[in-house]
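Chains, contacts and geometry: an overview
In case you want the letters, here they are:
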Amino acid sequence: MAAQSKTLFEQFLAPIFSHLIDRDALVRLRDRIDWETGVAEFTNPQVVYPNYYKTSNFHGIKNGYLNIDAALTYDPITQYVLPPGETWVRESLVKAIKGEPRRLLDLGCGTGTTTLMLKRRFASAEVIGLDLSPQMLVMADYKAREASLDVTFRHGNAMATGLPAASFDVVCATLLFHETPPAVAKTILSEAFRLLTPGGQMLVLDGNQRALRATDWLSNIFEEPFIRDYSQGNVDAWLGYAGFERVRTEDVFWLNQLSYGRKPLPVVERGEGRGEVGVGDLPMPQPA
Ligand SMILES: C[S@@+](CC[C@H](N)C(=O)[O-])C[C@H]1O[C@@H](n2cnc3c(N)ncnc32)[C@H](O)[C@@H]1O
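Here the structure is a predicted model, which means the values were calculated and not measured.

**Section: the overall build of the chain**
A tally of regular secondary structure across the chain gives 13 helices and seven strands. Taken across its 288 residues, the chain has 36% of its residues classed as buried. In the chain, once contacts between residues fewer than 6 apart in sequence are set aside, the share between residues at least 24 apart is 73%.

**Side note on the pairing of strand E5 (residues 196–207)**
Two faces, one strand: in a regular strand the side chains alternate between the faces of the sheet. In terms of burial, E5 is a largely internal element, nine of the twelve residues being buried. Pairing of strand E4 (residues 168–174) with E5 involves six bridges; the strand directions are parallel. For Ala173, the partnering residue across the bridge sits in E5 and is Val204. Of the crossover connections in this fold, the one passing from E4 over helix H9 (residues 182–195) to the parallel E5 is right-handed. Taken together, the seven bridges between E5 and strand E7 (residues 256–262) define a ladder with antiparallel strand orientation. What sits directly across from Met202, in E7, is Gly261.

**With respect to the sheet that holds E7**
Ordered by their spatial adjacency, seven strands build an open sheet running E3-E2-E1-E4-E5-E7-E6, and the pairing between neighbours is mixed. Both edges of this open sheet fall to strand E3 (152–155) and strand E6 (245–252), since each of them pairs with a single strand only. The sheet shows a mean angle of 15° between the axes of neighbouring strands, direction not considered. In the packing of helix H8 (residues 134–146) onto the sheet, contacts are made with strand E2 (126–131) and E3, and the angle to E3 comes to roughly 175°.

**Structural notes on the site of the ligand**
Lining the immediate environment of the ligand, one finds 21 residues, of which Tyr65, Gly108, Gly110, Ala158 and Thr174 sit closest. In the shell around the ligand, the residues fall into ten nonpolar, nine polar and two charged.

**Looking at helix H5 (residues 68–78)**
Of all the residues in H5, the buried ones are Ala70, Ala71, Leu72 and Tyr74. Its buried side turned inward, H5 meets helix H2 (23–32) and H8.

**Side note on the confidence of the model for the chain**
Confidence in the prediction of the chain, expressed as mean pLDDT, is 88, and 83% of residues score 70 or more. Scored below 50 in pLDDT, residues 275–288 shows seven contacts in the model against residues more than four places distant or in partner chains.

**Side note on the nonpolar core**
Counting residues in hydrophobic clusters, the biggest one holds 58 residues, and the most contacted among them are Leu105, Leu107, Val171, Leu189, Ala192, Met202 and Leu203. Filtering out sequence-adjacent residues up to four positions away, Leu105 remains in contact with Ile128, Leu130, Phe168, Val171 and Leu195.

**Thoughts on the environment of Arg248**
Tracing the sequence through the fold places Arg248 in strand E6. For Arg248, a count of 10 C-beta atoms within 10 Å translates into the label exposed. Between the C-alpha atom of Arg248 and that of Asp236, which follows or precedes it by twelve residues, the distance is 6.3 Å.

**Looking at the environment of Thr113**
Its place among the elements puts Thr113 in helix H7 (residues 113–121). With 27 residues separating them along the chain, Thr113 and Ala140 place their C-alpha atoms 7.4 Å apart.

**Topic: unusual backbone geometry**
Note: most peptide bonds trans; most residues except glycine with negative phi. At the junction of Pro83 and Pro84, the peptide bond is cis and its omega measures out at 5° in the coordinates. By the element assignment, Pro84 lies in the loop between H5 and helix H6 (86–96). Phi at Arg246 is positive, roughly 55°, even though this residue is not glycine. Note that Arg246 resides in strand E6. One non-glycine residue, Phe253, adopts positive backbone phi at about 55°.

**Let's talk about the packing of H6 against H7**
One way to put it is that H6 packs onto H7 with a least axis distance of 10 Å and a crossing angle of 45°. Viewed along their axes, H6 and H7 adopt a mutual orientation that is oblique. Where H6 crosses over H7, the two elements pack in a sense that is right-handed. On H7, the residues that touch Arg90, Leu93 and Val94 of H6 are Thr113, Thr114, Met117, Leu118 and Arg121.

**As for the pairing of strand E1 (residues 103–107)**
The buried count for E1 comes to four of five residues, which makes it a mostly enclosed element. Pairing analysis gives five bridges linking E1 to E2, with the strands arranged parallel. Of the residues in E2, the one forming a bridge with Leu107 is Leu130. Note that the unit made of E1, H7 and E2 has a crossover that is right-handed. As paired strands, E1 and E4 are joined by four bridges and run parallel to one another. Within the sheet, the bridge partner assigned to Leu107 lies in E4 and is Ala173.

Criteria and thresholds
The written sequence of each chain sets the order in which its residues are numbered from 1. A pLDDT threshold of at least 70 governs which residues receive local features in this predicted model, and a stricter bar of 80 or more applies before side-chain atom pairs are shown or counted, although totals over entire chains, interfaces and linings include all residues. Counting from the N terminus, the helices are DSSP H or I runs at least four residues long and the strands are E runs at least two residues long. In this scheme every C-beta is placed from the backbone, and a residue whose C-beta has 20 or more other C-beta atoms within 10 Å is buried, one with 12 or fewer is exposed, and one in between is partly exposed. Any pair of residues counts as being in contact when their C-beta atoms, constructed from backbone geometry, are within 7 Å of one another. When DSSP locates at least two bridges between a pair of strands, those strands are taken to pair. Viewed with both strands pointing away, a crossover whose connecting path from the first strand over the helix to the second turns clockwise is right-handed. To define axes, lines are fitted to C-alpha atoms, for helices over the stretch in contact only, and angles between the resulting N-to-C directions are given on a 0 to 180 degree scale. By definition, a residue lies near a molecule or strand provided its backbone-derived C-beta atom is within 6 Å of it. The residue classification treats Ala, Val, Leu, Ile, Met, Phe, Trp, Tyr, Cys and Pro as nonpolar and Asp, Glu, Lys and Arg as charged. All others, Gly included, are polar. Values of pLDDT, ranging from 0 to 100, describe the predictor's confidence in every residue of the model. Linking buried Ala, Val, Leu, Ile, Met, Phe, Trp, Tyr and Cys residues through C-beta atoms within 7 Å yields a set, and such a set is a nonpolar core. With respect to orientation, any angle under 35 degrees is reported as roughly parallel, any angle over 145 as roughly antiparallel, any angle of 65 to 115 as roughly perpendicular, and every other angle as oblique. Less than a right angle of anticlockwise turn of the near helix away from the far helix marks a crossing as left-handed, whereas a clockwise turn marks it as right-handed.

Encoded structure:
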């Protein structure tokens, strides 16, 4: 029977969201944007879509993110799935950034909500958002223009961005890794490590792996093909594997977590004048 083949998402979440979403507003928004021109302008023909990305439906949207519907409905839905509040959850990442970075990169930036918050917080910095979906980038760019924020959006694969090594002070990824196979998340972290300057900060905001493991229904209800694999993994371990130090993860409310890692400084620069020298930072005595 057709009803039996419905996913939990189709049975429960889609009807709820359809009540919460203002369809007329979405149609007006769709008509205000020149999608054809925007998608053509953002599309980099050299970008190769990984298999996991082309073949998966993410939270019930067929053809994943490579369509206008995904870009239009993403924000209206996301505001309801980040308790206790979307802005509060995203701010946990922005507030965790130390110092005054000059160049920041948001990997898998989607419709750019976190990217724009980064630009608001670090107004004089160069902020770049990168995503595999030209449609999501069109939406992100529209939001940036509406907010008069100077942010660059770029079509690319976070696993191999093509951006120069050691060119960013901060790299972040928000709500990306629960939608990628863990092997992809690890590759993205290695790429982020390459892109960061020594001492640069890596921040990952995503679903709380411990909470997801403990509440199986959560992994079932969102139609996310890789969320179970993600929840079985450990972002701390992935950060360590990529080479980051000072790795730690903290809960953001109970459904999300924020992970942090730093690209090590060359030994001579460690702690100089910063009072930061720890036991692990001290050079090992050399045999005479
Ligand atoms: C759940 S959305 C998160 C969007 C945004 N970061 C946010 O916080 O709202 C995941 C995004 O990651 C993008 N994505 C998935 N795999 C990617 C990859 N390998 N490289 C770049 N973007 C990717 C998708 O196109 C989608 O826009």
